[in-house]
Amino acid sequence: MVRASSEAVVTRRPDPFLMALESLKARVESGAFAPGAAIVIIDEAKRLGLSPTPIREALAWLSGYGLIERAPMGGYLMRRLDPARVRDEMSFRLLCLRIGLNGAGQVHGLGPGTATGGSHQQALHDQMVRAVRGTGNGALVEAYDRVSSLLAQLAVAEQRLFQDLEAEAQAIVTLFRAPAGSGLPEALTAYHERRIDAAALLVVEAEAGRSAPGG
């Protein structure tokens, strides 16, 4: 048996494309760019200390994923929010969750890391993801993750518009921990319908926040 040389055991540098993709995806989801604003490749390359190539590749991936848009004259823009589109995305996420609850036999009980500590909103997010992944359906999980990334851009707007997000999340998390038939599907439906009804206000709030200095 040939022993591996100790020189082969080295710390690998992070892949530039993955670095760029992870950073840009997080910035897009957090609302770092104003709607319709250009995402400047050179600026992002300088921020990450990378060449323009991995930034361009990451932006192309994010465009295909639907998080950003190609500009008519070249380059990339932050996607513009539209109430009708938000309603469709909320409805689709709810559909994924309904399938998840049915397919996984309605998952109950908090998973590791969500029972104590952290916010109730994060615990709710973890439980919803767990319900979908519990089906073992890769296509469903991929679809859920994608629409959740799109809706993540509204998180700050939700915080501004709704004053009871922690209490709302806590109530639903409690239902995840309760026996089946305790009203979880109805609570998740109400959670999404509330946001569907407020889609226009959420878009206005998101655009105002991201367009403001320092927003």
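Residues numbered from 1 in each chain as written. Predicted model: local features only at pLDDT ≥ 70, side-chain atom pairs only at ≥ 80, totals over all residues. Heavy atoms only, no water.

Concerning helix α4 (residues 83–103)
Stated formally: Counting from the N terminus, the helices are DSSP H or I runs at least four residues long and the strands are E runs at least two residues long. Multiplying 1.5 Å by the helix residue count minus one yields the expected span of that helix. Accessible area is worked out with a 1.4 Å probe on protein chains only. A residue is then buried under 20% of its type maximum, exposed over 50%, and partly exposed in between. The arc in question is the one traced by the directions running from the helix axis out to the C-beta atoms. Polar contacts here mean pairs of N or O atoms no more than 3.5 Å apart (in protein, one a potential hydrogen donor and the other a potential acceptor; neighbouring residues in sequence count only if both atoms are side-chain atoms).
Given a rise of 1.5 Å per residue, 21 residues ought to cover 30 Å, and the 30 Å separating the end C-alpha atoms of α4 matches this to within 8%. Within the sequence span of α4, burial applies to Val 86, Glu 89, Met 90, Arg 93, Leu 94, Cys 96, Leu 97, Gly 100 and Leu 101. Along the axis of α4, the buried residues cluster in a sector spanning 155°; they form a single face. Those residues of α4 that are exposed and angled more than 90 degrees off the buried face are Asp 88, Asn 102 and Gly 103. Of the residues flanking the start of α4, the one acting as N-cap is Asp 82, its side-chain oxygen 3.2 Å from the backbone nitrogen of Ala 84.

Structural notes on a nonpolar patch on the surface
Selection criterion: Patches here are clusters of residues that have more than 30% relative accessible area and form no salt bridge, with a 9 Å joining cutoff for like charges and a 5 Å cutoff for nonpolar side chains (Val, Leu, Ile, Met, Phe, Trp, Tyr). Accessible surface area values rest on a Shrake-Rupley calculation with a 1.4 Å probe, where residue burial reflects the displayed protein chains alone. Salt-bridge detection follows one rule: a side-chain nitrogen of Lys or Arg within 4 Å of a carboxyl oxygen of Asp or Glu.
Taken together, the side chains of Phe 92, Leu 95 and Ile 99 make up a nonpolar region of the molecular surface, amounting to roughly 250 Å² of accessible area. Structurally, Phe 92 is set in helix α4. Take Phe 92: its relative accessible area is 36%, and that puts it in the partly exposed class.

Describing the environment of Ala 208
Mapped onto the elements, Ala 208 comes out in helix α10 (residues 199–211). Separated by 173 residues in the primary sequence, Ala 208 and Pro 35 have C-alpha atoms spaced 9.5 Å apart.

Points about the packing of aromatic side chains
Counted only if it meets this: Put simply, two rings from Phe, Tyr or Trp (the six-membered ring, in Trp's case) pair if the centres are within 6.5 Å, and we call them stacked under 30 degrees between planes, edge-to-face over 60, tilted for the rest. Ring-over charges, as used throughout, are those where CZ of Arg or NZ of Lys falls within 6 Å of the ring centre and within 35 degrees of the ring normal.
For the structure shown, the criterion picks out one aromatic pair. Ring geometry for Trp 61 versus Tyr 65: centroids 4.8 Å apart, planes at 20°, classification stacked. Highlighted residues: Trp 61 and Tyr 65, both in helix α3 (residues 52–65), separated by four residues, approximately one helical turn. You can call Trp 61 partly exposed: its relative accessible area is 37%. Taking the relative accessible area as the measure of exposure, Tyr 65 reaches 14% and is therefore buried. A cation sits over an aromatic face here: Arg 194 above Phe 162, 4.1 Å from the ring centre. Positioned above the aromatic ring of Tyr 191, the side-chain terminus of Arg 195 is 3.7 Å from the ring centre.

Focus: the nonpolar core
The criterion, for reference: Joining through side-chain atoms within 4.5 Å is the link that ties buried Ala, Val, Leu, Ile, Met, Phe, Trp, Tyr and Cys residues into a set, and such a set is a nonpolar core.
The biggest cluster of nonpolar side chains holds 22 residues, and the ones touching the most others in it are Leu 124, Met 128, Tyr 144, Ile 172, Phe 176, Leu 184 and Leu 188. For this core, the secondary structure elements donating two or more residues are α4, α5 (120–133), α6 (138–151), α8 (165–177) and α9 (184–197). At six residues, the largest contribution of residues to this core is made by α5. With 19 residues, the next largest nonpolar core counts Leu 24, Phe 33, Ala 45 and Met 78 among its residues.

Structural notes on the pattern of salt bridges
For the structure shown, the criterion picks out eleven salt bridges. Put simply, Glu 44 and Arg 27 hold a salt bridge, and the shortest N to O gap is 3.2 Å. In this pair, Glu 44 sits in helix α2 (residues 41–48) while Arg 27 sits in helix α1 (residues 16–29), placing the two residues 17 residues apart along the sequence. Glu 44 gets classed as buried once you look at its relative accessible area, which sits at 5%. For Arg 133, the salt bridge identified is with Asp 145, shortest N-O distance 3.7 Å. Highlighted residues: Arg 133 in helix α5 and Asp 145 in helix α6, separated in sequence by twelve residues.

Some details on the confidence of the model for the protein
Heads up, the rule is: Per-residue confidence from the predictor is reported as pLDDT, a score between 0 and 100. Should any heavy atoms of two residues lie within 4.5 Å, those residues are counted as being in contact.
Residues with a pLDDT of 70 or more make up 84% of the protein, whose mean pLDDT is 86. In the model of the protein, α10 stands out as the element of lowest mean pLDDT, 83, in contrast to α9, which has the highest, 97. Below a pLDDT of 50 lies the segment residues 1–10, which in the model reaches zero contacts outside its immediate sequence neighbourhood of four places, other chains included. Segment residues 109–116 is flagged for pLDDT under 50; beyond a separation of four residues in sequence, or across chains, it makes twelve contacts in the model.

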